[in-house]
Amino acid sequence: MRDFNLAQETCQLAIRDVGGLEVLINLLATDEIKCKIGSLKILKKISQNSQIRRAIADLGGLQTMVCILDSPDKELKCLSAETIANVAKFRRARRTVRQHGGIKRLVCLLDCVPDSAALTVEQERDVEVARCGALALWSCSKSTRNKEAIRRAGGIPLLARLLKSPHENMLIPVVGTLQECASEKSYRVAIQTEGMVEDLVKNLSCDNQELQMHCASAIFKCAEDKRTRDLVRHYAGLQPLVSLLGKSENKQLLAATTGAIWKCSISMENVAMFKEYKALEILVGLLTNQPEEVLVNVVGALGECAQQPANRTTIYKSGGIPPLVNLLTGTNQALLVNVTRAVGACATEPENMAIIDRLDGVRLLWSLLKNPNPDVQASAAWAICPCIENAKDAGEMVRSFVGGLELIVNLLKSNNGEVLASVCAAIANIAKDEENLAVITDHGVVPMLAKLTNTTDDKLRRHLAEAIARCCMWGSNRVAFGEAGAVAPLVRYLRSKDPSVHQATAQALFQLSKGPNNCITMHENGVVKLLIEMMGSTDEVLQEASAGCVANIRRLALANEKARYS
Amino acid sequence: MSEMSAMNRKLIQNLAETLSKQVKRFNKTEAECLIRLFNGLIGDQTERRVGNGLDRGKFRNVLHKTFGMTDDMIMDRVFRAFDKDNDSYVSVKEWIEGLSVFLRGTLDEKIKYCFDVYDLNGDGYISREEMFHMLKNSLIRQPTEEDPDEGIKDLVEITVKKMDHDHDGRLSYADFDKAVREENLLLEAFGTCLPDAKSIQAFEQHAFQEPLEH
């Protein structure tokens with residue numbers, strides 16, 4: 001045995017012979033600690049090669065390495081964990097580790113005290129063991145089931161404790177693991193409640209770009225939740241994020257940073273601070289010459305910021321509109337969703353709309369309605385609404401898109417609720433122009449809208465009712481809606497809890513009530529009582545529409561009676 | 001035990017105190033235990049013969065039974081390393097000193113100790129011939145092999161290449177020291193001459209657990 005020892009050491013210098021793997025793995029199974037150490041020292045190095053990793057896994061090496069984690073010898077634990085970290089870089093290996101109880105044992109390795117000022121030699125060894133454990137867990141955590149296993153083994157509080165370490169080489173695997181796992185909601189909650197956001201923010205300002213990237217990534221994933229967004233602001237994390245935008249050569253770091261800024265911008269208070277730190281101008285500068293993964297996030301951030309009117313002006317002044325419109329020609333779905341949202345938000349300002357129009361932005365949005373991805377379709381349709389509202393000669397503009405009206409009416413055949421709601425909203429805007437209303441009527445918009453009325457989705461109900469209200473104002477559409485059975489379902493909308501649904505529905509009913517048959521239908525469906533309640537609302541539009549509708553019904557009833565008695 | 005006169009006990013205690021101060025690895029109690037163990041191993045002897053100490057056979061017995069060593073040649077060398085004054089007996093002082101390195105030595109002390117074990121002729125160098133001699137039995141001989149020594153010769157060459165830093169064809173103490181510091185598994189490259197962790201633990205537990213008995 002001692003000779004194998006010797007031979008192994010010199011083999012390290014010699015060319016790595018893959019045939020030696022069986023021998024190495026056999027050595028791992030012996031009882032001799034020195035044999036195991038020698039073998040692992042070699043395996044650790046050569047397992048960086050992907051073919052060798054597979055071979056090691058095939059020969060059952062992982063099972064043995066997991067058993068070695070139980071050994072009391074710390075050097076052995078470290079070497080074993082580090083080798084597992086290298087081998088577990090493919091899926092089957094990660095599964096094997098879990099199936100043999102590896103996750104539990106690796107989590108146990110994390111138990112140490114990392115940050116006392118003066119560590120004894122033993123404690124330093126414990127810290128090294130924990131670091132190796134974290135490396136292994138980082139590799140393993142790419143599998144969803146392993147993320148769950150780590151949590152169940154009590155890994156989260158231990159990771160939280162290690163997060164307080166001052167050493168970068170400990171922090172990198174720990175944050176790496178956390179950010180990998182942060183795709184799971186349970187981890188995001190834990191990151192908030194165990195006070196980890198503070199540590200993540202603190203490390204944004206360290207010197208190590210890899211660490212900064214992982215911290216930003218973790219924040220990116222966690223900031224989906226409002227509480228995290230507030231915590232980031234509370235611990236003064238927004239400023240360091242903006243500073244990191246300066247490191248634009250490191251694309252991975254930039255993608256993580258812009259991602260974090262995007263999600264943090266969902267909260268208005270954060271947007272206000274970003275504005276102070278001049279983040280908007282920097283973001284606009286990043287709209288060109290960046291890889292797609294960066295652009296998605298930059299545009300996402302701009303889209304969120306553009307929900308505030310003042311920021312729309314800033315974007316305009318920084319020259320942000322032309323590059324945004326330019327991005328509408330891309331093919332990356334996620335990017336398109338974000339761009340349309342951003343452009344839509346900007347289009348609510350007339351000065352922005354002028355540029356968008358000049359650059360043919362509305363036509364580009366319209367052609368996105370042809371995109372096979374429903375998220376893109378919906379997002380484009382939402383964006384079209386403010387464009388029509390704010391463009392000069394909107395009606396003329398819409399008519400100029402060849403086949404455009406037919407295209408959008410046909411989207412009413414979609415199965416996707418978001419698409420339907422957005423298209424109805426767009427149609428409500430289109431129908432403001434009489435000529436266009438005539439065209440879409442020709443394309444069969446009335447029966448299509450009527451077919452959609454049997455829904456309980458409040459968002460759809462609201463925009464559908466708006467569309468119906470507008471479409472009533474042409475020719476015999478009113479009557480057609482009645483014949484298509486749209487009236488009775490609309491009455492039911494009044495029972496919804498959403499006040500915007502009430503308003504839209506009342507307006508639709510008011511328009512419909514100008515047709516006598518519709519009045520009868522409405523009355524039969526008990527609309528009067530509901531409308532009388534609405535009349536007492538504080539919403540003036542609702543009051544007026546409800547009253548107008550009831551009045552029409554009443555007038556019909558009176559006329560009826562008069563006819564009977566004359 | 002009933003023969004242990006008060007004077008004997010006092011002697012042992014004094015000896016323990018002196019030795020533990022000199023050797024520093026063991027405290028007074030532990031040194032006492034080791035002395036009693038030593039006495040027990042020598043057996044029932046008169047004062048005069050106790051003065052000589054453990055002979056080679058009894059010492060090798062200890063190595064074999066307590067520490068699991070099996071290689072004759074190595075055990076011999078270990079005896080030589082313990083027996084510093086070369087009188088073929090391990091005195092109680094040599095016993096305590098040897099054990100302090102054996103059980104609890106620092107890396108420095110262990111390097112020196114191993115080097116002494118491996119330097120068969122004591123000339124301050126481990127030569128190729130000595131290496132050959134020590135590694136002779138480590139490779140399994142194939143029956144069809146023409147020159148059964150060829151494998152060992154190759155092994156020796158690899159070793160020299162790895163460890164001989166001043167390139168004089170043999171390992172000086174400095175060479176050995178440097179090589180072990182770079183790769184600590186090379187400490188016992190030529191043979192197991194130190195006990196493993198389990199044996200150490202078992203020995204200490206057994207020896208130190210009941211200080212008044214043996």
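What you see is a predicted model; the values in this text were computed from it and never measured.

What follows covers the overall build of chain B. In terms of regular secondary structure, chain B is built from 11 helices and 4 strands. Looking at the 214 residues of chain B, the share that counts as buried comes to 41%. For chain B, the proportion of contacts with a sequence separation of at least 24, taken over those separated by at least 6, is 60%. Here chain B displays about 11900 Å² of accessible surface, and carbon together with sulfur accounts for 50% of that area.

Residue and element names in this part refer to chain A. Positive phi outside glycine occurs at A236, with the angle close to 60°. Non-glycine residue N289 carries a positive phi angle of around 60°. Residue position: N289 is located in the loop between helix 20 (279-285) and helix 21 (292-305).

Once that is clear, we can look at the nonpolar core. Within the largest apolar cluster, 202 residues are counted, with the highest numbers of intra-cluster contacts made by A:W366, A:L449 and A:F481. In terms of residues, this core owes the most to one element, helix 30 (residues 417-430) of chain A, which gives 10 residues. Look past the residues within four positions of A:W366 in its chain and what remains in contact with it is A:I384, A:I388, A:V398, A:F401, A:G404, A:L407, A:I408 and A:I430. Among the nonpolar cores identified, the runner-up in size contains 60 residues, and B:C114, B:I152, B:L155 and B:L186 belong to it.

Turning our eyes to something else, we now look at the side chain of A:S422. All names here are of chain A. Looking at the secondary structure, you find S422 in helix 30. S422 sits in the buried class, given a relative accessible area of 0%. S422 has contacts with A378, A381, W382 and C385, leaving out every residue within four places of it along the chain.

The subject of this paragraph is the packing of aromatic side chains. Geometrically, a pair of aromatic rings is defined through the distance of the ring centres and the angle of the planes. The tally for this structure, following the rule as stated, stands at 14 aromatic pairs over all chains. The interplanar angle of 45° and the centroid separation of 5.1 Å between the aromatic rings of A:W366 and A:F401 together place this pair among those described as tilted. Taken together, the residues span a long stretch of sequence, with A:W366 in helix 26 (residues 361-368) and A:F401 in the loop between helix 28 (394-399) and helix 29 (404-410) at a distance of 35 residues. Each member of the pair, A:W366 together with A:F401, is buried. Plain terms: the ring middles of B:F115 and B:F176 are 5.7 Å apart, the flat faces sit at 55° to each other, and that makes the pair tilted. Remark: B:F176 occurs in helix 10 (residues 173-182) and B:F115 occurs in helix 7 (residues 107-118); sequence separation between them is 61 residues.

On to the environment of B:R77, then. Residue and element names in this part refer to chain B. On the secondary structure map, R77 appears in helix 5 (residues 72-82). Since its relative accessible area comes to 12%, R77 is described here as buried. Separated by 39 residues in sequence, R77 and D116 place their C-alpha atoms 8.2 Å apart. Ignoring sequence-local partners within four residues, the contact set of R77 consists of D116, V117, D119 and L120. At 2.6 Å, the side chain of R77 and the backbone oxygen of V117 are in polar contact.

Moving on to the pattern of salt bridges. All chains considered together, the criterion is met by 44 salt bridges over all chains. Ionic pairing is found between A:K263 and A:E224, a salt bridge with its closest N-O pair at 3.1 Å. Here the residue A:K263 occupies a position in helix 18 (residues 251-264), and A:E224 occupies one in the loop between helix 15 (209-222) and helix 16 (226-234), the gap between them amounting to 39 residues. According to the relative accessible area criterion, A:K263 is buried, its value standing at 12%. The residue B:E157 makes a salt bridge to B:R128 at a minimum N-O spacing of 2.9 Å. Here B:E157 is found in helix 9 (residues 150-163), whereas its partner B:R128 is found in helix 8 (residues 128-135), with 29 residues between them in sequence. Judged by relative accessible area, B:R128 falls into the partly exposed class, the value being 31%. Residues joined by salt bridges that share partners form a network here, namely A:K44, A:E82, A:E128 and A:R131.

A separate point is the environment of A:A557. Residue and element names in this part refer to chain A. With respect to the helices and strands, A557 occurs in helix 39 (residues 540-565). The class of A557 is partly exposed, set by a relative accessible area of 32%. Taking the C-alpha atoms as reference points, A557 and G133, separated by 424 residues in sequence, lie 82 Å from one another.

So, about the packing of helix 37 (residues 516-524) of chain A against helix 39 of chain A. Residue and element names in this part refer to chain A. Two elements in contact, helix 37 and helix 39, have axes separated by 10 Å at closest approach and are oriented at 105°. Here helix 39 runs roughly perpendicular to helix 37, going by the angle between their axes. Listed contacts from helix 39 to P516, C519, I520, M522 and H523 of helix 37 are C549, N552, I553 and L556. Here the contact of helix 37 with helix 39 is composed, by residue class, of 7 nonpolar, 2 polar and no charged.

Residues and elements named next belong to chain B. In the predicted model, chain B carries a mean pLDDT of 80, and the fraction of residues at 70 or more is 86%. Mean pLDDT across the secondary structure elements of chain B bottoms out at helix 3 (residues 47-50), with 48, and peaks at helix 7, with 89. The low-confidence segment residues 45-50, where pLDDT is below 50, has 4 contacts with residues more than four positions distant or belonging to other chains. Note on the complex model: pTM 0.79, ipTM 0.72.

The next thing to look at is the packing of helix 3 (residues 33-46) of chain A against helix 6 (residues 74-87) of chain A. Residue and element names in this part refer to chain A. Where helix 3 contacts helix 6, the two axes come as close as 9 Å, and the packing angle between them is 30°. With respect to helix 6, the element helix 3 is oriented roughly parallel. As for how helix 3 packs across helix 6, the hand of that crossing is left-handed. Packed against helix 3, whose contacting residues are I33, K36, I37, L40, K41, L43 and K44, the element helix 6 presents E75, L76, L79, S80, E82, T83 and N86 at the interface.

A few words now on helix 38 (residues 527-535) of chain A. Residues and elements named next belong to chain A. Every buried residue belonging to helix 38 is among V527, L530, L531 and M534, and all of these are buried. Each buried residue of helix 38 sits inside an arc of 95° when the element is viewed along its axis, so together they form one side. Opposite the buried face of helix 38, at more than 90 degrees from it, the exposed residues are K529 and E533. The inward-facing, buried residues of helix 38 contact helix 35 (487-493), helix 36 (499-512), helix 37 and helix 39.

Conventions used here
Residues numbered from 1 in each chain as written. Chains lettered and ligands numbered in written order. Predicted model: local features only at pLDDT ≥ 70, side-chain atom pairs only at ≥ 80, totals over all residues. Heavy atoms only, no water. Helix = DSSP H or I, 4+ residues; strand = E, 2+ residues; numbered from the N terminus. Buried < 20%, exposed > 50% of the residue type's maximum accessible area, 1.4 Å probe, protein only. Contact = heavy atoms within 4.5 Å. Areas by Shrake-Rupley, 256 points an atom, 1.4 Å probe, with all protein chains shown as cover. Core = buried A, V, L, I, M, F, W, Y, C linked by side-chain atoms within 4.5 Å. Phe/Tyr/Trp six-rings, centres within 6.5 Å; stacked < 30°, edge-to-face > 60°. Polar contact = N/O pair within 3.5 Å; in protein donor to acceptor, adjacent residues only side chain to side chain. Salt bridge = Lys/Arg side-chain N within 4 Å of Asp/Glu carboxyl O. Axes fitted to C-alpha atoms, helices over the stretch in contact; angles between N-to-C directions. Parallel < 35°, antiparallel > 145°, perpendicular 65-115°, else oblique. Nonpolar A, V, L, I, M, F, W, Y, C, P; charged D, E, K, R; others polar. pLDDT = per-residue confidence, 0-100. Left-handed = near helix turned anticlockwise from the far one by under 90°. Arc of directions from axis to C-beta.

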